[in-house]
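As a plain string of letters, each chain reads:
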Amino acid sequence: LLMRNAIINVLGSQKKSNLTEGEENYHRVIDLAREGIAIHVDEKIVFVNRRLVEMLKYDDPDELIGKSISDLVDPFRRDISRQLEATMIADSDNLFSVEDVYERKNGQFLPVEVSAIPIRYQGSPAIQITARDISASKKNEAEIWEYQDMLKQSTSDLILAEEAQRRHLAIVLHDHLGQSLAMAKIKMAGLLRSVQDEALLEKLNAIQTDISDAVNQTRSITYELSPPVLHELGLIEALEWRLEKIKAESDIETSIKHNLENIKLRNEQEVILFRSVDEILKNVVKHAAATKVDITTEATRYSFSVSIQDNGKGFDTSILTPERRWRDSFGLFSIKERIEYLGGVLDIRSENGNGTLVILNIPVSMEGI
């Protein structure tokens, strides 16, 4: 603002015919500025500094004199640029700063941060445009986004690789350890029928019980590692199985509603959704103090959503802010990253004492829905 007032004081009283000594000094100062600067009067550029000429790859300032600032803007943004210019003239008390894209003489595009202040130039309303080259920061920003996309891809690859390893371990447990234990149980049953000694029979019965417990534990671990129902029947059936298990192991009532039978998503979609919902359900069991949890799935032609609603104690969603996300809610952050990899959205609604609603929504293409 001090700079703007100084400009107004220096330029406001100048004659239109020639530059005064003060105005010439002002031109010399801004001609050496590190940012590109132009003065715009009556929709035409009347002055540009050396830096702006260099930024736009012109050979001489005269090539820009007489043009409109909007002529320098990416053709797709010129209408917006003209509207902004009109707003600046009408609201002369405000300082405007926007990101824009200028077109160079050679046809290349240059991202710039543009600041504009309304001034008076030789007695007429004018706009001083200051443009800063932000191509380096935009390049860095693009690299960061690309790196983040690569991280998300790596996360998905890791999830699928982990799921493949889980299935392999589950098969090994079922086909080898599980079968060996089952055979041991059968042999022990035969042995028990032939033993007459009561003391020995008691010991063998204890061993039989241990074997039975090992069979059950192996079966449980196998299903926890990789539920066959997920890969053989699909997501809905796997969620039904998971809720039945929660109901059997806790006092939580469960239900599931869905509007389609035999929904078949891509493998990575089913795996990521199931693992995400499973993580949420584990949090409900451990932390929510809920007595009821309901799952609702809904499919349209273009989207698929899973909603998990509990009647537990809820929580303060401020822990989901970027400042606290890593410290207090990494599990939810991890789920968010997985869903965003699928192009979807994670929506969490909760407050203390009123339960929690978590919605996972991903884009899909389902013909015939």
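Residues numbered from 1 in each chain as written. Predicted model: local features only at pLDDT ≥ 70, side-chain atom pairs only at ≥ 80, totals over all residues. Heavy atoms only, no water.

Colleague: Break down the overall build of the chain for me, citing the residues and quoting the values.
Modeller: Each helix and strand in the chain was counted, giving 11 helices and 10 strands. Sequence-distant contacts, at least 24 apart, represent 57% of the contacts inside the chain between residues at least 6 apart. A total accessible area of about 21400 Å² is found for the chain, and carbon and sulfur atoms account for 52% of it. (Helix = DSSP H or I, 4+ residues; strand = E, 2+ residues; numbered from the N terminus. Contact = heavy atoms within 4.5 Å. Areas by Shrake-Rupley, 256 points an atom, 1.4 Å probe, with all protein chains shown as cover.)

Colleague: Which residues make up the nonpolar core, and what values go with them?
Modeller: Leu-273, Val-277, Leu-281, Ile-295, Phe-304, Ile-308 and Leu-360 are the most contacted members of the largest nonpolar core, which has 36 residues in total. Secondary-structure elements contributing two or more residues to this core are helix H7 (228-232), helix H8 (235-249), helix H9 (267-288), strand S7 (292-299), strand S8 (303-310), helix H11 (330-341), strand S9 (345-350) and strand S10 (356-363). The greatest single-element share of this core, amounting to 7 residues, is contributed by H9. Leave out the neighbours within four places in its chain, and Leu-273 touches Leu-235, Leu-265, Phe-304, Ile-339, Leu-360 and Ile-362. In this structure, Val-53, Tyr-102, Leu-110 and Ala-131 belong to the second largest nonpolar core, which totals 20 residues. (Core = buried A, V, L, I, M, F, W, Y, C linked by side-chain atoms within 4.5 Å. Buried < 20%, exposed > 50% of the residue type's maximum accessible area, 1.4 Å probe, protein only.)

Colleague: Can you break down a nonpolar patch on the surface residue by residue, with the values?
Modeller: Residues Tyr-147, Met-150 and Leu-151 make up a contiguous nonpolar surface patch of about 330 Å² in total accessible area. Given a relative accessible area of 42%, Leu-151 falls into the partly exposed group. (Patch = residues over 30% accessible without salt bridge, like charges linked within 9 Å, V, L, I, M, F, W, Y side chains within 5 Å. Salt bridge = Lys/Arg side-chain N within 4 Å of Asp/Glu carboxyl O.)

Colleague: Tell me about H8, and name the residues and values.
Modeller: With 15 residues, H8 extends 21 Å from end C-alpha to end C-alpha; this agrees with the ideal 21 Å at 1.5 Å per step. Along its buried surface, H8 packs onto helix H6 (198-225), H7, strand S6 (253-258), H9, S7 and S8. (Expected span 1.5 Å × (residues − 1).)

Colleague: Pulling in residues and values, what's your account of H6?
Modeller: Given a rise of 1.5 Å per residue, 28 residues ought to cover 40 Å, and the 40 Å separating the end C-alpha atoms of H6 matches this to within 8%. Considered for burial, the residues of H6 that qualify are Leu-201, Leu-204, Gln-208, Ile-211, Ser-212, Val-215, Thr-218, Thr-222 and Leu-225. You can read the cap of H6 off the contacts: a side-chain oxygen lies 2.9 Å from the backbone nitrogen of Ala-199, and it is on Asp-197. (Polar contact = N/O pair within 3.5 Å; in protein donor to acceptor, adjacent residues only side chain to side chain.)

Colleague: Summarise the environment of Asp-71; cite the residues concerned and give the values.
Modeller: Tracing the backbone shows Asp-71 in the loop between helix H3 (50-55) and helix H4 (78-90). In the structure, Asp-71 is positioned 11 residues away from Arg-82 in sequence and 9.6 Å away in space, judged by C-alpha atoms.

Colleague: Which residues make up the sheet that holds S7, and what are the values?
Modeller: One open sheet holds the 5 strands; their spatial order is S6-S7-S8-S10-S9, and the pairing between them is mixed. Both outer strands of the open sheet, S6 and S9, are each paired with one neighbouring strand and no more. Here the strands of the sheet are splayed against their neighbours by 10° on average, with no regard to which way each runs. Sitting on the sheet, H8 is in contact with S6, S7 and S8, with an inclination near 165° to S6. Against the sheet, H9 touches S7, S8 and S10, its axis set at about 175° to S10. (Pairing = 2+ DSSP bridges. Axes fitted to C-alpha atoms, helices over the stretch in contact; angles between N-to-C directions.)

Colleague: Which residues make up the side chain of Ser-276, and what values do they have?
Modeller: By the secondary structure assignment, Ser-276 is in helix H9. The class for Ser-276 is buried, based on a relative accessible area of 0%.

Colleague: So what's going on with unusual backbone geometry? Residues and values would help.
Modeller: Unlike most non-glycine residues, Lys-57 shows phi in positive territory, near 65°. Structurally, the position occupied by Lys-57 is in the loop between H3 and H4. Given the relative accessible area of 44%, Lys-57 is considered partly exposed. Residues other than glycine seldom take positive phi values, yet Ala-289 does so here, at roughly 55°. Its location among the elements puts Ala-289 in the loop between H9 and S7. Taking the relative accessible area as the measure of exposure, Ala-289 reaches 61% and is therefore exposed.

Colleague: Summarise the packing of H8 against H9; cite the residues concerned and give the values.
Modeller: Two elements in contact, H8 and H9, have axes separated by 10 Å at closest approach and are oriented at 15°. The orientation of H8 relative to H9 falls into the category roughly parallel. Along this stretch, H8 crosses H9, giving a crossing that reads as right-handed. Facing H8, whose interface residues are Leu-235, Ala-238, Leu-239, Trp-241, Arg-242, Leu-243 and Ile-246, H9 presents Glu-270, Leu-273, Phe-274, Val-277, Asp-278, Leu-281, Lys-282 and Val-285. (Parallel < 35°, antiparallel > 145°, perpendicular 65-115°, else oblique. Left-handed = near helix turned anticlockwise from the far one by under 90°.)

Colleague: Provide a residue-level description of the pairing of S10, including the pertinent values.
Modeller: Along any regular strand, the residues point their side chains to alternate faces of the sheet. Along S10, 6 of the 8 residues are buried, which leaves the element largely enclosed by surrounding structure. When S8 meets S10, the two strands line up antiparallel, connected through 8 bridges. By the bridge assignment, Ser-303 is partnered in S10 with Pro-363. In this structure, S9 lies alongside S10, joined through 6 bridges in antiparallel fashion. Bridge pairing in S10 links Ser-350 to Thr-356.

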